[in-house]
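# What the coordinates show
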Amino acid sequence: MEQRKNVTEFVLLGLTQSVQGQGILFVVFLLIYIVTMVGNLLIVLTVVLSPTLDSPMYFFLGYLSFMDAFYSTSITPNTIIDLLYEKKTISFQACMTQLFTEHLFSGAEVFLLVFMAYDRYLAICKPLHYLTIMNQRVCVLMLLLAWVGGFLHALLHIIFFYNLPFCGPNVIDHFACDTYPLLKLACTDTHITAVTVVANDGAICVTIFTLLLVSYGVILRSLKNLSQEGKRKALSTCGSHITVVVLFFVPCIFTYVRPPVTLPIDKCFAVFYTIVTPMLNPLIYTLRNGEMQNAMKKLWIRRKQ
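Bear in mind the structure is a predicted one, so any value in this text is a computation, not a measurement.

## Examining the overall build of the protein chain
Helices and strands together make up the secondary structure of the protein chain, namely twelve helices and three strands. With respect to the principal axes defined by its C-alpha atoms, the protein chain has extents near 65 × 45 × 30 Å. Across the 305 residues of the protein chain, 49% fall into the buried class. Intrachain contacts of the protein chain at a sequence separation of at least 6 include 80% that bridge at least 24 residues. Counting only carbon and sulfur atoms, one obtains 68% of the accessible surface of the protein chain, whose full area is about 15,000 Å². The protein chain carries 21 positive and 16 negative side-chain charges, and their two centres are separated by 13 Å.

This is the structure we're talking about:
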């Protein structure tokens, strides 16, 4: 325990050492963060205030946007601020907090995507029983399970990383506190911890990604029983969900389903799934969803009246 106290803060190398490059990234990341927050909060408000969007699908979609907003906030603001300084530091406690919140919201989002796939399966394959099965109580229970799953996922990281001895060096070759860069700094044998991280993060990513692809495959096969309008609407909705799933899981699988070593490209993938993806989700859902667009228009008209 005394060893760990020798390191009270970490130094982040960031994405680039170029002053010009940092200035460009500051503007780009700031714009992305503004779009992310406006887009996700707009979806949350639209779902909450629109009586027409009272189905389970929009219940989950609203919470997905809520999670995306906080997931982005757990990393992006610190990254933006760090781009203004030559030396980027983060305290040990802040590093652990960032690690916990990142995995809390990303873990909860992973489980929520599973429940969203199940919701679409029932809506398309079991339409007569859909509203009976997916009642409000079940939806709230699923949401609670997503949060519990995310919390346990994040807690496991903290249990392992908080008690690792960090006695120097304290330079993290990353723009945030991430698992593999932190493991490199621990002055002890981290083999067991590394295996646990790969088993935890990697197994969750691969298992759930496979499960989601199979479930959407079953849904798409069942579309032959629908009318042309039903097929069009189902394809639009499922297409949005599948796009979000691929964008979220593919970079995570590349990062965590491999031996615990750091690669230069890891930073690019981390930027994508922590900063860019939360911005793309609301754009994907609003651009492909006519009901969401109409609800937003009605709210805008009501606001102007």
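## Some thoughts on the layout of surface pockets
Its volume calculated, the largest pocket comes out at about 300 Å³. Along its surface, the largest pocket is lined by 15 residues, and Arg-120, Ala-123, Lys-233, Thr-237 and Glu-291 are the ones closest to its centre. Of all elements in the fold, only α3 (56-73), α5 (92-125) and α10 (228-256) reach the threshold of two or more residues within the lining of the largest pocket. Looking at the lining of the largest pocket element by element, the count peaks at four residues for α10. In terms of residue class, the lining of the largest pocket is built from seven nonpolar, four polar and four charged.

## What to know about the nonpolar core
Within the largest apolar cluster, 87 residues are counted, with the highest numbers of intra-cluster contacts made by Phe-10, Phe-166, Leu-182, Leu-212 and Phe-249. Here the element with the most residues in this core is α5; it accounts for 17 residues.

## Here we look at the pattern of salt bridges
All told, the structure shown has two salt bridges when counted by the stated rule. Linking Arg-120 and Asp-119 is a salt bridge whose minimum nitrogen-to-oxygen distance equals 2.8 Å. Overall, the relative accessible area of 10% leaves Arg-120 in the buried class. Asp-119 sits in the buried class, given a relative accessible area of 1%. The partner of Lys-267 in a salt bridge is Asp-173, with the nearest N and O atoms 2.8 Å apart. Here Lys-267, found in helix α11 (residues 266-287), pairs with Asp-173, found in the loop between β3 (171-172) and α8 (179-185); they are 94 residues apart in sequence, far enough to count as distant.

## Overview of the pairing of strand β2 (residues 88-91)
By the alternation rule, side chains of β2 split into Lys-88 and Ile-90, which are all buried, and Thr-89 and Ser-91, of which none is buried. With four bridges connecting them, strand β1 (residues 9-12) and β2 associate as antiparallel partners. Paired with Phe-10 across the bridge in β2 is Ile-90.

Definitions and cut-offs
- Residues numbered from 1 in each chain as written.
- Predicted model: local features only at pLDDT ≥ 70, side-chain atom pairs only at ≥ 80, totals over all residues.
- Heavy atoms only, no water.
- Helix = DSSP H or I, 4+ residues; strand = E, 2+ residues; numbered from the N terminus.
- Buried < 20%, exposed > 50% of the residue type's maximum accessible area, 1.4 Å probe, protein only.
- Contact = heavy atoms within 4.5 Å.
- Areas by Shrake-Rupley, 256 points an atom, 1.4 Å probe, with all protein chains shown as cover.
- Lys, Arg positive; Asp, Glu negative; His and termini not counted.
- Charge placed at Lys NZ, Arg CZ, Asp CG, Glu CD.
- 1 Å grid on protein atoms, 1.4 Å probe; cavity = no way out; pocket = protein on both sides within 12 Å on 5 of 7 lines; lining within 4 Å.
- Points joined across faces, edges and corners; volume = space filled by probe spheres on them.
- Nonpolar A, V, L, I, M, F, W, Y, C, P; charged D, E, K, R; others polar.
- Core = buried A, V, L, I, M, F, W, Y, C linked by side-chain atoms within 4.5 Å.
- Salt bridge = Lys/Arg side-chain N within 4 Å of Asp/Glu carboxyl O.
- Pairing = 2+ DSSP bridges.

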